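Okay, here's what each chain looks like letter by letter:
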Amino acid sequence: MNPVLHGLAANPSLPPEAVDRLIALADADLADILACRPDLGRDRAVALAARVGDSAVRLAYEGRLTAADIDPATHPQAALALLDRRAGRPEWARLFAADPDGERRARLAVCPGLPPDAVERLAADPDVHVVAELAWWATPEVAARLAGHPHAEVRRAVAANEATPAGTLAALITGEGLPPALHCLVCDREEIPFTHDPYCPRPDCDLLPGASCDGSHESVTHDIGLAALGNPATPTGAAVHFAEHSSLLLRRALAARPDLPPAVCRRLAADPVPGVRADLAANPAIDDDLIRVLAQDRDPDVRRGLAYHPRVPLDVLTHLAGTTRTGETLLPRIVTASATETEELARSPHPAVRMLVARRRDLPAGVRDALAADPDAKVVKSIAPHPGLSVAQLRSMAQRHGIRVLAKVAANPDAPPELLEELALHDPPTQKALREIARHRRAPAPALLACLENGRARPVAARHPALPPPVIVGLLDDSDPQVAEAAAANPSLPQQLMLDLVRQRGVLDRDRNSGQPGMHG
């Protein structure tokens, strides 16, 4: 790996001649970067695919190659990529459906819009993995037919397919109307009854820990239920079948469904496992009465889940704010608060409540300014990145609360260059603030030079276009390859130097291959 060449390959200011030279000496890693260049063009994409065959897949997904550029016999994976984008040819699908390579057939099975005859062949494939891949993405008609497949693994994929008809999903849960499954991945390989050792020492074994079969395919039957519960197309009447199930995972999946009837919500609210109650607490299906019951729950995860409920009453949320950690996330109920509610929250006597509303980035100027002057550092930290704050307000925050708020002040999109320079030179230095400054679009050169003194901020600052070109050039030889690569990707790097660097590497590679001394310049 040459970090400088990798950085140059991503540099938006790279001269066209340098792009051509990089293509001529590309390896797989370099080709992967070049394939994403917006200025690559079709001719260069074809040349890159000819140089590094594996790059054709990325180029196909990026829309740089078309069916006219791909021979499926030479680049089968790229042809499959085009089929996945609905940009391949129908005859390719028929070709791959008969391919002796099962991995290719499985890859084809996930492609949309396949010809019906190719779909029929895949549905009858002897490899269960191929059929299961088809079942994940099949049309309603094909999914309904595959629900009766003798292998339970295919049925699990059907249960996860959102195009599967509701009646079919209900049948997969209850078993009614379907022939019994005859096989699963466990009994395909082991003599039953068998339970897979979670610490299985066999290096070639890919059975999941704890997978088991006693003839009823119980592990995959459990997973069918889990897949169906996660499928929004599964009818409510079938889903509630799991309300009393012994499996924690199934009850948790049920508790997260937004279509639960009130009686099932009440049953799950009394579940002995906190995880079930926590998933239910964030569910928009629960009503105000149940919200208030769960607000008294002693488990912090339950209260945290309730804080994320989109309709939690503000008095409940205010109560939760002082006892529940929600990180820096903007809570859904805060997002939908009315103008009157927002003002009330901003005037709350509790800093934890003011902090919640301070995370919004669309506050009225009066509310924003009041929170910017808040005496509590946590509130100021939350409001500091809000757009529209003046330089005086931002500087006041930094002076009043110091290192506790510097990183968030530096993250403000309106922070001017002179303030960013002040923050970068703050004593003691603040690592988080330096990283924010290093990526700030307004950061001036003196601030970026200070950022280069910090190990975590250095690779970020090395890519900033406001760095002086001589500094960027010096960073190309940095001992940290991340820094060298970032400097090479800096659009302010002199173009002639970019071209010289690529030329020099081409000479070095040529001389290395011929066994002669390289030229350094």
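So, here is what we can say about the structure in this document. (Residues numbered from 1 in each chain as written. Predicted model: local features only at pLDDT ≥ 70, side-chain atom pairs only at ≥ 80, totals over all residues. Heavy atoms only, no water.)

**Some remarks on the overall build of the protein**
Here is step 1: From N to C terminus, the protein includes 36 helices and 2 strands.
Here is step 2: Scaling as 2.2 N^0.38, a compact globule of 521 residues should have a C-alpha radius of gyration of about 24 Å, whereas the protein reaches 30 Å, well beyond that.
Here is step 3: Considered along the principal axes of its C-alpha atoms, the protein spans approximately 75 × 75 × 45 Å.
Here is step 4: Sorting the 521 residues of the protein into buried and exposed places 47% on the buried side. (Helix = DSSP H or I, 4+ residues; strand = E, 2+ residues; numbered from the N terminus. Rg over C-alpha atoms; globule rule 2.2 N^0.38 Å. Buried < 20%, exposed > 50% of the residue type's maximum accessible area, 1.4 Å probe, protein only.)

**Remarks on helix α17 (residues 248-255)**
Here is step 1: For α17, the set of buried residues is L250, R251, L254 and A255. Buried residues along α17 cover an arc of 135 degrees about the axis, so they all sit on one side.
Here is step 2: Contacts made by the buried residues of α17 are with α15 (218-229), α16 (236-239), α18 (262-269) and α19 (274-281).
Here is step 3: Among the residues of α17, the N-terminal cap falls to S247, whose side-chain oxygen and the backbone nitrogen of L249 are separated by 3.3 Å. (Arc of directions from axis to C-beta. Contact = heavy atoms within 4.5 Å. Polar contact = N/O pair within 3.5 Å; in protein donor to acceptor, adjacent residues only side chain to side chain.)

**Describing the pattern of salt bridges**
Here is step 1: If you walk through the whole model with that rule in mind, you get 32 salt bridges.
Here is step 2: Between R37 and D39 there is a salt bridge, with its nearest N and O atoms 2.9 Å apart.
Here is step 3: R37 gets classed as buried once you look at its relative accessible area, which sits at 4%.
Here is step 4: Given a relative accessible area of 37%, D39 falls into the partly exposed group.
Here is step 5: Close ionic contact of E422 with R395 constitutes a salt bridge, the shortest N to O distance being 2.8 Å. Remark: R395 occurs in helix α28 (residues 391-401) and E422 occurs in helix α30 (residues 417-424); sequence separation between them is 27 residues.
Here is step 6: Each of E17, R21, D500 and R503 takes part in salt bridges that share partners, so that together they form one network. (Salt bridge = Lys/Arg side-chain N within 4 Å of Asp/Glu carboxyl O.)

**Examining the nonpolar core**
Here is step 1: By size, the foremost hydrophobic cluster in this structure holds 168 residues, and its most contacted members are L8, L22 and L280.
Here is step 2: Once residues within four sequence positions are removed from consideration, L8 is found in contact with L14, L22, R37, A488, A489, L493, M498, L501 and V502. (Core = buried A, V, L, I, M, F, W, Y, C linked by side-chain atoms within 4.5 Å.)

**Section: the packing of helix α24 (residues 339-346) against helix α25 (residues 351-358)**
Packed helix pairs are characterised by how far apart their axes lie and by the angle those axes make with each other.
Here is step 1: Packing of α24 against α25 brings their axes to within 8 Å, and their N-to-C directions diverge by 135 degrees. Considered as vectors, α24 and α25 are oriented oblique to each other. Two secondary-structure elements touch here, α24 through T342, L345 and A346 and α25 through V353, R354 and V357.
Here is step 2: Here the contact of α24 with α25 is composed, by residue class, of 4 nonpolar, 1 polar and 1 charged. (Axes fitted to C-alpha atoms, helices over the stretch in contact; angles between N-to-C directions. Parallel < 35°, antiparallel > 145°, perpendicular 65-115°, else oblique. Nonpolar A, V, L, I, M, F, W, Y, C, P; charged D, E, K, R; others polar.)

**Topic: the packing of helix α12 (residues 152-160) against helix α13 (residues 166-174)**
Here is step 1: Running from amino to carboxyl end, α12 crosses α13 at an angle of 135 degrees, the nearest separation of the two axes being 10 Å. Classified by the angle between their axes, α12 and α13 sit oblique to one another. Relative to α13, α12 is oriented so that their crossing is left-handed. Contacts between α12 and α13 involve R155, V158 and A159 from the former and T168, L169 and L172 from the latter.
Here is step 2: Split by residue class, the contact of α12 with α13 holds 4 nonpolar, 1 polar and 1 charged. (Left-handed = near helix turned anticlockwise from the far one by under 90°.)

Distances and angles like these do not, on their own, reveal function.
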